[in-house]
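Inside the fold
So you can see what is in the structure, the chains are spelled out below.
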2 protein chains.
Amino acid sequence: MSTPVPEATVARLPIYLRSLRELAEMGVKTVSSNRLAELSGVNAAKVRKDLSYLGSYGVRGVGYEVGYLIFQTSRELGLTGDRGIVIAGAGHLGQALANYPGFAQKGCRICAMVDIDPQKVGGELGGVPVVGPDRVSEVMSRNPGAIVVVATPATVAQEVVDRFVRAGAHSILNFAPVVLNVPEGVAVRQVDMALELQVLSFYAEQGERSALAKGVESVPS
Amino acid sequence: MSTPVPEATVARLPIYLRSLRELAEMGVKTVSSNRLAELSGVNAAKVRKDLSYLGSYGVRGVGYEVGYLIFQTSRELGLTGDRGIVIAGAGHLGQALANYPGFAQKGCRICAMVDIDPQKVGGELGGVPVVGPDRVSEVMSRNPGAIVVVATPATVAQEVVDRFVRAGAHSILNFAPVVLNVPEGVAVRQVDMALELQVLSFYAEQGERSALAKGVESVPS
DNA sequence: TAGATTGTTAATCGATTAACAATC
DNA sequence: TAGATTGTTAATCGATTAACAATC
C-alpha cells in the first residue's frame, strides 16, 4: 500500500487541522504551505512533506483548498465517525475531563467512567455513567476502538491499563505519572505536567547560568 | 565548556529522576543502566549516554549510586533551589493547578495567579494570591526565573504571553490550544489533551483498518 | 582473576529542510 | 507567458543503539 505516515507527521496533523479550522472560520478558501506553516509554527517544506503523505491535495501555483484539506486531514486522523472515550478514574481529574466541553466539539463522546468507589458506581458524573471495574470488558465491547483516558492514581495505573488491554483497548492517554507497560500494537500517549515543568526548569536554570556568565542584567523596568 | 545536553536527553531526565526516587524509596542503593532503562521504558545504551552528559557518575562493574544520581540529576534540572511558578488565568484549570499537591513536593512554589476578573483580583485561590495584569511585571521581578503556566482561554493566550515575556519570562508551560510566538531564548512546552487524543484517534483508526484488512476478530471473551 | 557494567565509538536510522523541476 | 506554489529529491542534521574497550 502507500507509505506509512511517520510518527512525527501524525503528531503535527492535529496542529495543521487547528490552523485550517481557524482559517475556515475566517472565511479563507485557499492557503499556501507557507501561510499554513506560519500559523502552525513549523517549516513550510515540512508542511508540504507532511501533507504529501495524505495525497496530492494541493494545486501548484495556487495552494491548498482549506475545506477539502480539513476533510482529508480529519479523515486521516479518524475523526469522521464518533470516537468513544472511556475515562478510568472518577477523581478530580476524571471529573474535570468529563466536564471538558472540548470533547464533544471534536467528535468525541465519553461513553463511561470507571471507578472502584462503591459510592460513585451506579451514579453519573457530568452526565456520564460511572461503572465498576467488573464492567470494563462490557464497556469496551460496546464501544470498539474507544480511547482509554487513565486518570487514576499512579499506584494503580498499570493494573487498570492491564485490565483495559485485556478487554481490547488499543489506544491509551495516560495522565498518571508512571511508565506504562503495554503489549505491541497498543498506542500510549503521556501527559505529565510535572515532567514538563522539570524540563522547563532545566532551561530556566540554563538561562540564569548563561545570563550570569555573560553578566546580562534583567530587562530594565 | 562541556557539550550542551541534547533536547531529547533533557526530556528524559525527569523520567529517570522519577524512577530513581522510586528506587530510593524502596531502599535500593545502587542501580545498573539496564535496570534504570527497564523502569523508565527506554534503551539501556540511551540511559548511559544520557547520564554521561551529566558526568561520569557511574562505576564500571557496579552501576550508579541511586542517591548521588538523584542529587546530580536534580541539580542539572535546576530543582535544587525553589522554583517559582506564576499561573496566568484563574479559571477552572488555573484553580485545579493551584490546588495540585505535586508542585510543592517537587520544590516548586506557586507565587501568584494573574487574572483579569475584578471579582478575583485581590483575593486568594488555594492559598495563592490573585493579582491583576498590571502587576505582571512586579511579580516577575520579585520571582526571577519563575515559570509561567498559561491557563487562559486560547483567544487571549498570545497577548498574555507577550506581556509576561516583556516582563522577563523565559519559560512557559502552555495549556491553551494555540501555537505561541515567542522570541528566541524563551522556552515553551505545550500540553494539549485534545491534540493527544487526535493522535491516538489516528492509531485507533489504523488498528481498525488493518484489523479489517487482515480479517482479525476482536479478542474472544 | 573472572564477571559485570560503564562510557564511548561508530554505524544506523529517521526526521528536517534547502532546493528545484513540475505545473497550475 | 510570467509568477506562484506544489511535490519530491537529496543533502544534512540529530538521535538511537549495537558493540566493545576500559575498568571496577
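In this text, all values refer to a predicted model and were calculated from it rather than measured experimentally.

Quick notes on the rules
- Residues numbered from 1 in each chain as written.
- Chains lettered and ligands numbered in written order.
- Predicted model: local features only at pLDDT ≥ 70, side-chain atom pairs only at ≥ 80, totals over all residues.
- Heavy atoms only, no water.
- Domains from an automatic or database assignment.
- Contact = heavy atoms within 4.5 Å.
- Polar contact = N/O pair within 3.5 Å; in protein donor to acceptor, adjacent residues only side chain to side chain.
- Nonpolar A, V, L, I, M, F, W, Y, C, P; charged D, E, K, R; others polar.
- Helix = DSSP H or I, 4+ residues; strand = E, 2+ residues; numbered from the N terminus.
- Buried < 20%, exposed > 50% of the residue type's maximum accessible area, 1.4 Å probe, protein only.
- Near = heavy atom within 4 Å.
- Axes fitted to C-alpha atoms, helices over the stretch in contact; angles between N-to-C directions.
- Parallel < 35°, antiparallel > 145°, perpendicular 65-115°, else oblique.
- Left-handed = near helix turned anticlockwise from the far one by under 90°.
- Arc of directions from axis to C-beta.
- Pairing = 2+ DSSP bridges.
- Phe/Tyr/Trp six-rings, centres within 6.5 Å; stacked < 30°, edge-to-face > 60°.

1. Description of the domain arrangement of chain A
Looking at the assigned domains, one finds that chain A contains domain 1 (7-76) and domain 2 (83-188). For domain 1 of chain A and domain 2 of chain A, the distance between their C-alpha centroids amounts to 31 Å.

2. Regarding the interface of chain B and chain A
Contact with chain B, which involves 55 residues of that partner, is made by 55 residues of chain A. Here chain B and chain A share 16 residue pairs in polar contact (both at pLDDT 80 or more) between them. Residue composition of the side of chain B that touches chain A, grouped by class: 35 nonpolar, 7 polar and 13 charged.

3. Some points on the environment of Gly27(B)
Residues and elements named next belong to chain B. Position of Gly27 relative to the elements: it lies in the loop between α1 (7-25) and β1 (30-31). By relative accessible area, Gly27 is classed as partly exposed at 45%. Separated by 39 residues in sequence, Gly27 and Val66 place their C-alpha atoms 9.5 Å apart.

4. Considering the protein's contact with DNA strand D
Lining the immediate surroundings of DNA strand D are 26 residues, of which Ser33(A), Arg48(A), Gly58(A), Tyr64(A) and Arg60(B) lie closest. Close to the protein, within 4 Å, the atoms of DNA strand D belong to sugar or phosphate groups at a rate of 64%. In the environment of DNA strand D, a phosphate oxygen lies 2.7 Å from a nitrogen or oxygen atom belonging to the side chain of Tyr64(A). Here Arg12(B) contributes a side-chain N or O atom positioned 3.0 Å from a phosphate oxygen of DNA strand D. Of all elements in the fold, only α3 (44-52), β2 (58-59) and β3 (63-65) of chain A together with α1 and α3 (44-52) of chain B reach the threshold of two or more residues within the surface near DNA strand D. In terms of residue count, the dominant contributor to the surface near DNA strand D is α3(B) (4 residues).

5. Points about the protein's contact with DNA strand C
Around DNA strand C, the surrounding shell holds 26 residues, and the nearest of these are Arg60(A), Ser33(B), Arg48(B), Gly58(B) and Tyr64(B). In the interface set of DNA strand C, defined as its atoms within 4 Å of the protein, sugar plus phosphate atoms amount to 64%. Asn43(A) is positioned with one of its side-chain polar atoms (N or O) 3.4 Å from a phosphate oxygen of DNA strand C. In the environment of DNA strand C, a base nitrogen lies 2.9 Å from a nitrogen or oxygen atom belonging to the side chain of Arg60(A).

6. Section: the environment of Glu124(B)
Residue and element names in this part refer to chain B. Tracing the backbone shows Glu124 in strand β6 (residues 124-125). When the C-alpha positions of Glu124 and Cys111 are compared, they lie 11 Å apart, and in sequence the two are 13 residues distant. The residues touching Glu124, leaving out its near neighbours within four places in the chain, are Pro129 and Val130.

7. Quick notes on the packing of helix α1 (residues 7-25) of chain A against helix α4 (residues 66-76) of chain A
All names here are of chain A. At a minimum axis distance of 10 Å, the contact between α1 and α4 shows a crossing angle of 150 degrees. If you check the angle between α1 and α4, you find them roughly antiparallel. α1 and α4 meet at a crossing whose hand is left-handed. Here Leu13, Leu17, Leu20, Arg21, Leu23 and Ala24 of α1 come into contact with α4, specifically with Val66, Leu69, Ile70, Thr73, Ser74 and Glu76. Split by residue class, the contact of α1 with α4 holds 8 nonpolar, 2 polar and 2 charged.

8. Observations concerning the side chain of Arg12(A)
Take Arg12(A): it is sitting in helix α1. Here Asp50(A) takes part through its side chain, which lies 2.7 Å from a polar atom of the side chain of Arg12(A).

9. Describing helix α2 (residues 33-40) of chain A
The periodicity of an α-helix, 3.6 residues per turn, causes residues three or four positions apart to be oriented the same way. Residue and element names in this part refer to chain A. Those residues of α2 that fall on the buried side of the exposure criterion are Ser33, Leu36, Ala37 and Ser40. Projected down its long axis, α2 shows its buried positions confined to an angular sector of 105 degrees, all on one face. Residues of α2 that are exposed and point more than 90 degrees away from the buried face comprise Asn34 and Glu38. Contacts from the buried residues of α2 go to α1, β1 (30-31), α3, β3 and α4.

10. With respect to the sheet that holds strand β2 (residues 58-59) of chain B
Residue and element names in this part refer to chain B. Read from one edge of the open sheet, 3 strands run β1-β3-β2, paired in antiparallel fashion. Looking at strand neighbours, the two that pair on one side only are β1 and β2, the edges of this open sheet. Direction of pairing for β1 relative to strand β3 (residues 63-65): antiparallel, over a ladder of 2 bridges. Looking at the pairing, Thr30 lines up with Glu65 of β3.

11. Let's talk about the packing of aromatic side chains
Centre-to-centre distance and the angle between the planes together describe a pair of aromatic rings. For the structure on display, the rule yields 6 aromatic pairs over all chains. Aromatic pair Phe202(B) and Tyr203(B): ring centres 5.1 Å apart, planes at 90 degrees, arrangement edge-to-face. Residue classification places Phe202(B) among the buried residues on the basis of a relative accessible area of 1%. The class of Tyr203(B) is partly exposed, set by a relative accessible area of 28%. Among the aromatic residues, those joined into a ring-pair cluster are Tyr57(A), Tyr68(A) and Phe71(A).

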